[in-house]
Amino acid sequence: MRHFVDLKDFDSDRLQAMLETAAQMKSGTDKSQPLAGKYVGMIFEKPSTRTRVSFEVGISQLGGTPVVLAASDLQLGRGESVADTARVLSRYLDAVMIRALRHETVTELAEYADIPVINGLTNLSHPCQIMADLQTILERLGSLTGIKICWLGDGNNVANSWIEAAALFGFELWLAGPEAYRPPAALLAWARAKGANITLTEDPVAAATDASVIVTDVWVSMGDEQGSRERDMQPFKATAKLMETAQPDAIFLHCLPAIRGQEVEAEVIDGPQSAVFDEAENRLHAQKAIMAHIISENF
């Protein structure tokens, strides 16, 4: 059984193959429909724009039929166990994507399902987003080798998946943010044991200097408390001045939605170095490749 729960569940060759498929699907050189005749469930415990639309369109473009399920549509919302839900959905569907509140929901669904499970986002990771980001970097810069990536702000689910990617693809990763908001120590230890070149700092200038990619996210994710986050994160805003310290051809990434004037200046996200809308588009192509490799027997 092949699930797509976290990047670290795969080796770099397998992920690279998915990225190559994504590029071929985007260019039109691969027009295959590996999901023809297949039904893919989509469970949403959180609101969504990019995940909902890109997966639904992607499933259809690959010849499959999307079955959209809000949490309120399922007996999960009335206390049915994840295990029982997994067993039942396995009798109807060929795969399921879930955008979940808790990572444990996805891992339990994968444990009991007899069909592939794809993580569309949890509180701990966002692997589909990082695959789209890696595709965008390859398009814009040509390689992941020897580049420096600067993450600004909260050590959240997206940052966690960047850490996994750094261990698998070998680029240099700097995480600039308040010490209180750093990613899990166990994940950092795992990545470093794999040889990842990761630096934690509270100096955003050091993190951004000579970077090829500067990436950030909202400071308050869905489900987080506002509290003092906005004040604590102020030094880690993506500004035009900070972009000047990066490589001249550096790109700016943000998984969206963005709050202009908070985690990023409008001048940056709407400027010539911004690749955020290519990045958003690549959610479609990266996820089509993931589904092809995970669900189809032909990849």
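Scroll up a little and you will see the structure.
Residues numbered from 1 in each chain as written. Predicted model: local features only at pLDDT ≥ 70, side-chain atom pairs only at ≥ 80, totals over all residues. Heavy atoms only, no water.

**Details of the packing of aromatic side chains**
In this description, an aromatic ring pair is defined by two values, namely the gap between the centres and the angle between the planes.
Then step 1. One pass over the full model with this rule turns up two aromatic pairs.
Then step 2. A ring pair is formed by Phe4 and Phe10, whose centres lie 5.3 Å apart and whose planes are at 40°; its orientation type is tilted.
Then step 3. Overall, the relative accessible area of 13% leaves Phe10 in the buried class.
Then step 4. Between the NZ or CZ atom of Lys148 and the centre of the ring of Trp174, over which it lies, the distance is 4.2 Å. (Phe/Tyr/Trp six-rings, centres within 6.5 Å; stacked < 30°, edge-to-face > 60°. Buried < 20%, exposed > 50% of the residue type's maximum accessible area, 1.4 Å probe, protein only. Lys NZ or Arg CZ within 6 Å of the ring centre and 35° of its normal.)

**Some points on the sheet that holds strand 7 (residues 197-201)**
Then step 1. Strand order across the open sheet formed by five strands is 7-6-5-8-9, with parallel pairing between neighbours. Two strands bound the open sheet, and with one partner strand each, they are strand 7 and strand 9 (251-254). Averaged over all neighbouring strand pairs, the angle between strand axes comes to 20°, with direction disregarded.
Then step 2. Bridge analysis of strand 5 (residues 148-152) against strand 6 (residues 172-176) gives five bridges, and the strand direction is parallel. Considered in strand 6, the bridge of Leu152 is made with Ala176.
Then step 3. Contacting strand 5, strand 6, strand 7, strand 8 (213-216) and strand 9, helix 6 (residues 157-169) crosses the sheet at an angle of about 155° to strand 6. (Pairing = 2+ DSSP bridges. Helix = DSSP H or I, 4+ residues; strand = E, 2+ residues; numbered from the N terminus. Axes fitted to C-alpha atoms, helices over the stretch in contact; angles between N-to-C directions. Contact = heavy atoms within 4.5 Å.)

**Digging into helix 2 (residues 50-61)**
Then step 1. Across its twelve residues, helix 2 extends 16 Å between first and last C-alpha, which sits within 8% of the 16 Å expected from 1.5 Å per residue.
Then step 2. For helix 2, the complete set of buried residues consists of Thr51, Ser54, Phe55, Gly58 and Ile59. Looking down the long axis of helix 2, one finds its buried residues gathered within 125° of arc, a one-sided arrangement.
Then step 3. Lining the buried residues of helix 2 we find strand 1 (39-44), strand 2 (65-70), strand 3 (95-99), strand 4 (117-121), helix 5 (127-141) and helix 12 (276-295).
Then step 4. Looking at the residues trailing helix 2, positive phi occurs at Gly63, about 95°. (Expected span 1.5 Å × (residues − 1). Arc of directions from axis to C-beta.)

**A word on the environment of Val205**
Then step 1. For Val205, the location among the structural elements is in helix 8 (residues 204-208).
Then step 2. Given a relative accessible area of 42%, Val205 falls into the partly exposed group.
Then step 3. Here Val205 is in contact with Leu242 and Thr245, once residues within four sequence places are set aside.

**What to know about the sheet that holds strand 2**
Then step 1. Spatial strand order, 2-1-3-4: four strands in an open sheet with parallel pairing. Edge positions in the sheet fall to strand 2 and strand 4, since each of these pairs with one other strand and no more. When the angles between neighbouring strand axes are averaged without regard to direction, this sheet yields 20°.
Then step 2. Bridge count between strand 1 and strand 2: six bridges; the pairing is parallel.

**Description of the side chain of Lys237**
Then step 1. Mapped onto the elements of the fold, Lys237 is located in the loop between helix 9 (229-233) and helix 10 (240-243).
Then step 2. Here Lys237 sits buried without a salt bridge, and the closest side chain of opposite charge, Glu265, lies 5.7 Å off (N-O distance).
Then step 3. Engagement of the side chain of Lys237 in a polar contact is seen with the backbone oxygen of Gly261, the distance being 3.0 Å.
Then step 4. In contact with Lys237, other than residues within four places in its own chain, are Leu152, Trp219, Leu242, Gly261, Gln262, Glu263, Val264 and Glu265. (Lys, Arg positive; Asp, Glu negative; His and termini not counted. Salt bridge = Lys/Arg side-chain N within 4 Å of Asp/Glu carboxyl O. Polar contact = N/O pair within 3.5 Å; in protein donor to acceptor, adjacent residues only side chain to side chain.)

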